[in-house]
Amino acid sequence: MLRTPTGARRLDILDWLKDPAAHFPPQRHGDLVEDGVTAAAVAQKLGVRRAVAETHLDLLADLGLLRTRRIRRRTHYRRDEVRIAEVARMFEKGW
């Protein structure tokens, strides 16, 4: 999943969400670090439509790598550091 051509985009998203304040402009509603980043902001950074960004973000959220939070009518995404560490340990052990 992370090795496919679109997987590189997913790795970029995970990397950007390590420090969202450095990679995304401030949002009107919600804190970038505490609440996460909207799909629209990720889409703009990737240069794709919001629906494409939502597909990537929803997949990462379904895998448990991202947490979601609804603020107003938008979903905000942020990293789940505990789950990412668990996945990293699985790969280190040779899965």
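Note that the coordinates shown come from a computational prediction; the quantities given were computed from them, not determined experimentally.

### Observations regarding the overall build of the chain
Scanning the chain from terminus to terminus reveals 5 helices and 3 strands. Order of helices (α) and strands (β) in the chain, N terminus to C terminus: α-α-β-α-α-β-β-α. The globule rule puts the C-alpha radius of gyration for 95 residues at 12 Å, and the 13 Å found for the chain is close to it. Each principal axis of the C-alpha distribution contributes one length, and for the chain these read about 45 × 25 × 25 Å. Counting only residues that meet the buried cut, the chain has 36% of its 95 residues in that class.

### So, the packing of aromatic side chains
According to the stated counting rule, one finds 1 aromatic pair in the structure shown. When the centroid spacing of 6.2 Å and the interplanar angle of 85° are considered together, the rings of Trp-16 and Phe-24 count as edge-to-face. The class for Trp-16 is buried, based on a relative accessible area of 12%. When its relative accessible area of 4% is taken as the criterion, Phe-24 is described as buried. The ring of Trp-16 is capped by Lys-45, whose NZ or CZ atom sits 5.1 Å from the centre of that ring.

### Let's talk about the environment of Glu-54
Considering the arrangement of structural elements, one finds Glu-54 in helix H4 (residues 50-62). For Glu-54, a relative accessible area of 29% translates into the label partly exposed. Linking Glu-54 and Val-87, residues 33 residues apart in sequence, is a C-alpha distance of 22 Å.

### Let's talk about the sheet that holds strand E2 (residues 66-71)
Pairing in this open sheet of 3 strands is antiparallel, and the strands run E1-E3-E2 from one edge to the other. Two strands close off the open sheet at either side, each with one partner strand: strand E1 (37-38) and E2. Relative to strand E3 (residues 74-79), E1 runs antiparallel, the two sharing 2 bridges. In the sheet register, Thr-38 faces E3, and the bridge partner there is His-76.

### Some remarks on unusual backbone geometry
Look at Arg-72: it is not a glycine, yet its phi comes out positive at around 60°. Positionally, Arg-72 belongs in the loop between E2 and E3.

Criteria and cut-off values
Residues numbered from 1 in each chain as written. Predicted model: local features only at pLDDT ≥ 70, side-chain atom pairs only at ≥ 80, totals over all residues. Heavy atoms only, no water. Helix = DSSP H or I, 4+ residues; strand = E, 2+ residues; numbered from the N terminus. Rg over C-alpha atoms; globule rule 2.2 N^0.38 Å. Buried < 20%, exposed > 50% of the residue type's maximum accessible area, 1.4 Å probe, protein only. Phe/Tyr/Trp six-rings, centres within 6.5 Å; stacked < 30°, edge-to-face > 60°. Lys NZ or Arg CZ within 6 Å of the ring centre and 35° of its normal. Pairing = 2+ DSSP bridges.

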